[in-house]
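# Structure assessment
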There are 2 protein chains.
Amino acid sequence: MDSEALGFMHDAIPFWGNLTIEQEKNLVHAAAIKEFEAGDTIHAGEDDCSGLFIIMQGRVRAFIISETGKEITLYRLLERDICLFSASCIIQNINFEVMIEAETDARAILIPTLTVNTLLKQSVEASDYMNQLMASRFSDVMWVMEQVLFMSFDKRLAIFILEQANFEGSDTIEITHEAIARHLGSAREVVTRMLKYFNDEGMVELFRGGLTIKDRKKLTDLV
Amino acid sequence: MDSEALGFMHDAIPFWGNLTIEQEKNLVHAAAIKEFEAGDTIHAGEDDCSGLFIIMQGRVRAFIISETGKEITLYRLLERDICLFSASCIIQNINFEVMIEAETDARAILIPTLTVNTLLKQSVEASDYMNQLMASRFSDVMWVMEQVLFMSFDKRLAIFILEQANFEGSDTIEITHEAIARHLGSAREVVTRMLKYFNDEGMVELFRGGLTIKDRKKLTDLV
């Protein structure tokens with residue numbers, strides 16, 4: 001690990017100050033930098049348990065997938081976020097499968113399972129932080145659940161477009177209708193139909209392989 | 001607290017053996033028995049934070065509710081289960097509203113928020129147990145989410161009927177179509193239509209205010 005990564009880890013782990021010198025040394029020794037290309041699988045369900053990833057660069061997506069291949073995005077992780085489910089074997093009682101993939105090229109610090117496990121048994125601050133981390137992901141999932149159950153599809157699509165533009169830092173988003181459907185757990189035809197409606201209403205302009213936000217206010221009002 | 005409740009608490013809390021005498025004394029001193037009638041609200045969203053409830057008797061339901069009053073059941077708690085969200089203010093980063101109500105008359109031990117909070121800061125075993133508890137509820141919610149997203153309604157209804165018969169210890173269940181719809185986050189008409197189909201197929205027999213399972217195998221095969 002270079003000093004940049006070390007400093008990054010130091011900043012990203014809130015219980016760093018509570019570690020003993022020994023614990024700190026073990027953590028630094030065990031940590032490693034991993035590189036991912038856009039589309040790479042970082043974690044593939046329960047049987048996979050490499051450890052905690054701290055995202056240094058790039059964007060990572062957590063999603064679930066049905067037997068028939070239907071997907072829905074649960075949350076995204078950005079710089080400084082910690083990926084919990086890649087260490088899910090550490091936490092008892094987690095019996096569901098979350099998939100994690102790199103949405104863009106990404107770089108992350110991996111703290112291996114064994115190291116995390118040892119820390120959790122020794123430090124009440126580390127354990128408390130895991131609690132907070134899980135609560136935070138739980139909240140993300142409940143938000144998706146409430147959207148799916150209680151929110152009309154036009155609102156969900158508008159939220160997704162605005163969020164995506166935010167991630168990209170641009171009003172033009174390059175994404176297929178198929179990919180949007182996967183994020184929202186919907187079907188391509190449903191997305192296409194609603195996007196055409198947004199297009200006709202002047203909220204977005206569609207082009208092959210993407211769309212541009214044309215009336216941000218109207219889109220926001222929908223939400 | 002009488003000795004029955006004390007013994008119950010002792011059995012239900014897995015980190016009891018790790019407590020100091022002082023911690024144990026504080027816990028017993030702070031704990032209190034609460035009685036609920038069927039239909040009583042035990043916990044009403046984020047602002048409500050009485051503490052952990054250990055269910056001694058009865059059945060308790062956790063659900064979310066939309067602005068328009070649409071509900072979906074997240075999970076049920078039975079004897080010896082611990083209700084986490086009634087102490088959700090303790091856990092940072094939980095920002096969603098779960099409602100908890102007694103489905104039957106119920107009796108529970110309440111460990112107040114302040115006591116739980118102190119324990120969590122002192123005991124790595126208590127903190128670890130909170131992690132497990134949250135992971136377990138998280139898994140319950142993911143299961144509901146996967147059902148809602150990926151499973152056809154006939155399967156979900158069949159699962160619900162079988163589960164309910166299991167709770168009641170009887171093949172005859174007294175429940176309205178309206179109440180089933182609330183559990184499943186659906187509409188009454190949708191439930192009525194599917195139950196009529198189950199009835200016509202000989203899987204259940206409907207009567208005013210309930211139903212009887214007639215062909216358990218056929219219903220199970222559906223799942």
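Everything quoted here is computed from the prediction, not taken from an experiment. (Residues numbered from 1 in each chain as written. Chains lettered and ligands numbered in written order. Predicted model: local features only at pLDDT ≥ 70, side-chain atom pairs only at ≥ 80, totals over all residues.)

Counting its secondary structure elements, chain A contains eight helices and eleven strands. Judged by the C-alpha coordinates and their principal axes, chain A covers about 65 × 35 × 30 Å. The 223 residues of chain A split such that 33% are buried. (Helix = DSSP H or I, 4+ residues; strand = E, 2+ residues; numbered from the N terminus. Buried ≥ 20, exposed ≤ 12 C-beta atoms within 10 Å, placed from the backbone.)

What follows deals with the interface of chain B and chain A. Facing the 32 residues of chain B at the interface are 32 residues of chain A. Element by element, the count of residues in the side of chain B that touches chain A is highest for helix H4 (residues 124–150) of chain B, at 19 residues. Residue composition of the side of chain B that touches chain A, grouped by class: 18 nonpolar, ten polar and four charged. (Contact = placed C-beta atoms within 7 Å. Nonpolar A, V, L, I, M, F, W, Y, C, P; charged D, E, K, R; others polar.)

Let us now look at the sheet that holds strand S1 (residues 32–36) of chain A. The strands making up a sheet are joined through hydrogen bonds of the backbone, oriented either antiparallel or parallel. All names here are of chain A. Spatial ordering of the open sheet is given by S1-S8-S3-S6, a layout of four strands whose pairing is antiparallel. The open sheet has two free edges, formed respectively by S1 and strand S6 (82–83), since each of these has just one partner strand. Pairing of S1 with strand S8 (residues 106–112), which is carried by five bridges, proceeds in the antiparallel orientation. Note that in S8 the partner of Ile33 across the bridge is Ile109. (Pairing = 2+ DSSP bridges.)

All names here are of chain B. Inspection of the secondary structure puts Leu27 in helix H2 (residues 21–30). Remark: the alpha-carbon pair of Leu27 and Met145, spanning 118 residues in sequence, is separated by 36 Å. Contact partners of Leu27, with chain neighbours within four places excluded, come to Leu19, Ile111 and Thr115.

Here the focus is the relation of the copies chain B and chain A. With an RMSD of 0.0 Å, chain B superimposes on chain A once it is rotated by 180 degrees and translated 0.0 Å along the axis. Such a combination of rotation and displacement between the chain copies is what one expects of a two-fold axis. When C-alpha positions in chain B are compared against the rotation axis, the closest is assigned to Val124 of chain B, at 2.3 Å. (Least-squares fit on C-alpha atoms with pLDDT ≥ 70 in both.)

Residues Cys83 of chain A together with Cys83 of chain B are the most contacted members of the largest nonpolar core, which totals 114 residues. Setting aside chain neighbours within four positions, we find Cys83 of chain A in contact with Leu52, Phe53, Ile55, Val60, Leu77 and Ile100 of chain A. (Core = buried A, V, L, I, M, F, W, Y, C linked by C-beta atoms within 7 Å.)

With that settled, consider unusual backbone geometry. Residue and element names in this part refer to chain A. Here Asn93, not a glycine, exhibits a phi torsion of approximately 75 degrees, which is positive. Tracing the backbone through its elements, the reader meets Asn93 in the loop between S6 and strand S7 (99–102). Under the C-beta neighbour-count criterion, Asn93 is labelled partly exposed, with 14 such atoms within 10 Å.

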